[in-house]
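# Notes for the structure review
The residues making up each chain are set out below.
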Amino acid sequence: MSMKDYSNNNLHMNEVEEWKYQPLLQKNRTVIAASSAAVVSVLSGFPFDSIKTRMQTHYYPNIMSCVKITYAEEGARGFFRGMIPPLVTVSIIKSVSFSIYEKSKATLQADYGLRKDTAMSLFTLATISGSISGAFIALLSCPLELVKIQRQLELVLLKDQITNNTIPPSASSNSWTAVRNIIQKKGILGLWSGVSCHSARDALGTGIYFGGYESMKRLFSTDDVTGPMTHFFSGGICGTLSWLFVFPVDAVKTNLQKDIMVSNPKYTGFWDCTMKLVKKKGIKSLYRGLNVTLIRAFPIHSLNFLVYEQVLKLIPSNSPP
């Protein structure tokens, strides 16, 4: 056998293997694309999220003050505390979220007559589909976000306990310990503490997120052709817009979930927490940490949709002839 025949034979075998897995890839293309985007988002955005959580729940004069104090007291590890579970679970949640979004769009068009031929009809379709996805996903993500917040703040809360001359609970050594502590104190349903507030935030935020993305993509496209830069800027704009709307709800949710392990919680519910935060620091208390969130939002969500769309392009929806 000549070298040319040998090379052709290897090429043919590689093509056969590629076609063998093609149906599986096509069936799960949304899951694969969303999971890839999720990993990139978590790795690049977690330190910013950690700073946001600290600024929402504790007083720092500015971002740099929060960064310096966190680094001085906890080192670089403080910015990544609690990152491993989200790195795994966010991939699952985001893939489910995108799948529900796509299926909701298809159902609303097929069964309820919603259209997407104009900018407004597309925005309406995407927003409703995104809200359905967000409300459902909140049920899955609430326990994960609760544990993440407890891990991000565990040393800060420990310091508060010592300052107040109360007996501090031992700091969680890992996320599983935090889960066990919550279940022991609040029962299994304690993992869903703040779920109503969480659902409201995600239904509103995810609706604006997908509605904004589809609208920006339509606006920036030429003859329905979209490229990487369209995906990049559309993702950044929709992520920023979404956080501008939902940030006050997120601030209240974070403060409610922060106190889950405290013997005497400061707040009895959403409106009580809102009123007390506003009374103490004014309306700006609901926007503490917004600056670092917006700094994070544009690049993270730009990368999110860029990776998502590019992976979708690598796995075409229909087999080539």
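Everything here concerns the structure above.
The structure reproduced in this document is the subject of the present report.

Reading the values: rules and limits
- By convention here, each chain's residues receive numbers from 1 onward along its written sequence.
- Only residues with pLDDT of at least 70 get local features here, since the model is predicted, and only at 80 or more are side-chain atom pairs given and counted; chain-wide, interface and lining totals rely on the full set of residues.
- By convention in this description, side-chain values take in all heavy atoms of the structure and omit both hydrogens and water.
- Patch membership is restricted to residues that have no salt bridge and whose relative accessible area is over 30%. Joining uses 9 Å for like charges and 5 Å for the nonpolar side chains Val, Leu, Ile, Met, Phe, Trp and Tyr.
- Residue-level accessible areas treat just the shown protein chains as cover; the underlying method is Shrake-Rupley with a 1.4 Å probe.
- Salt bridges are counted wherever a side-chain nitrogen of Lys or Arg sits within 4 Å of a carboxyl oxygen of Asp or Glu.
- Strands here mean DSSP runs of E at least two residues long; helices mean DSSP runs of H or I at least four residues long; both are numbered from the N terminus.
- What we call a nonpolar core is a set of buried Ala, Val, Leu, Ile, Met, Phe, Trp, Tyr and Cys residues that are connected through their side-chain atoms within 4.5 Å.
- Burial status follows relative accessibility: with a 1.4 Å probe on protein chains alone, a residue under 20% of its type maximum counts as buried, one over 50% as exposed, and anything between as partly exposed.
- Between two residues, a contact is recorded if the distance between any of their heavy atoms is within 4.5 Å.
- Whenever a helix is involved, its axis is fitted only over the stretch in contact; in every case the axis is a line through C-alpha atoms, and angles between N-to-C directions fall within 0 to 180 degrees.
- Working definition: roughly parallel below 35 degrees, roughly antiparallel above 145 degrees, roughly perpendicular at 65 to 115 degrees, and oblique for all remaining angles.
- Throughout, a crossing is termed right-handed when the near helix is turned clockwise from the far one, and left-handed when it is turned anticlockwise from it by less than a right angle.
- Three residue categories are used. Nonpolar comprises Ala, Val, Leu, Ile, Met, Phe, Trp, Tyr, Cys and Pro, charged comprises Asp, Glu, Lys and Arg, and polar comprises the others, including Gly.
- To estimate how far a helix should reach, multiply one less than its number of residues by 1.5 Å.

### Section: a nonpolar patch on the surface
On the surface, F136, L139, L140, I183, I188, L189 and W192 cluster together into a nonpolar patch covering about 660 Å² of accessible area. The element best represented in the nonpolar patch is helix α5 (residues 119-163), accounting for three residues.

### Looking at the nonpolar core
The biggest cluster of nonpolar side chains holds 15 residues, and the ones touching the most others in it are A33, F98, Y209, F210, C238, F305 and Y308. At the level of elements, α2 (29-57), α4 (84-112), α7 (195-220) and α10 (290-314) are the ones that each hand at least two residues to this core. The residues touching F98, leaving out its near neighbours within four places in the chain, are T30, A34, F210, N304, F305 and Y308. Counting residues in hydrophobic clusters, the runner-up holds eight residues, among them I63, F79, V156 and V292.

### Some points on the side chain of T70
Its location among the elements puts T70 in helix α3 (residues 63-74). For T70, a relative accessible area of 2% corresponds to the buried category. In contact with T70, other than residues within four places in its own chain, are R54, G75, G78 and F79.

### Observations concerning the packing of α7 against α10
At their nearest, the axes of α7 and α10 sit 13 Å apart, and the two run at 70° to each other. With respect to each other, α7 and α10 are oriented roughly perpendicular. Crossing hand, α7 versus α10: right-handed. Counting all contacts with α7, which are made through Y209, F210, Y213 and K217, the residues of α10 involved are H301, N304, F305 and E309. The residue makeup of the contact of α7 with α10, split by class, is four nonpolar, two polar and two charged.

### Here's the deal with the environment of S199
Tracing the backbone through its elements, the reader meets S199 in helix α7. Along the sequence, S199 and F136 sit 63 residues apart, while their C-alpha atoms lie 7.8 Å from each other. Apart from residues lying up to four places away in sequence, S199 is in contact with A135 and A138.

### Side note on α4
Every α-helical turn comprises 3.6 residues, leaving residues that sit three or four positions apart pointing alike. For α4, with 29 residues, the first-to-last C-alpha span of 41 Å sits near the 42 Å given by 1.5 Å per residue. Directly beyond the C-terminal end of α4, a positive phi value near 75° is found at G113.

Purely geometric numbers; function is a separate question.
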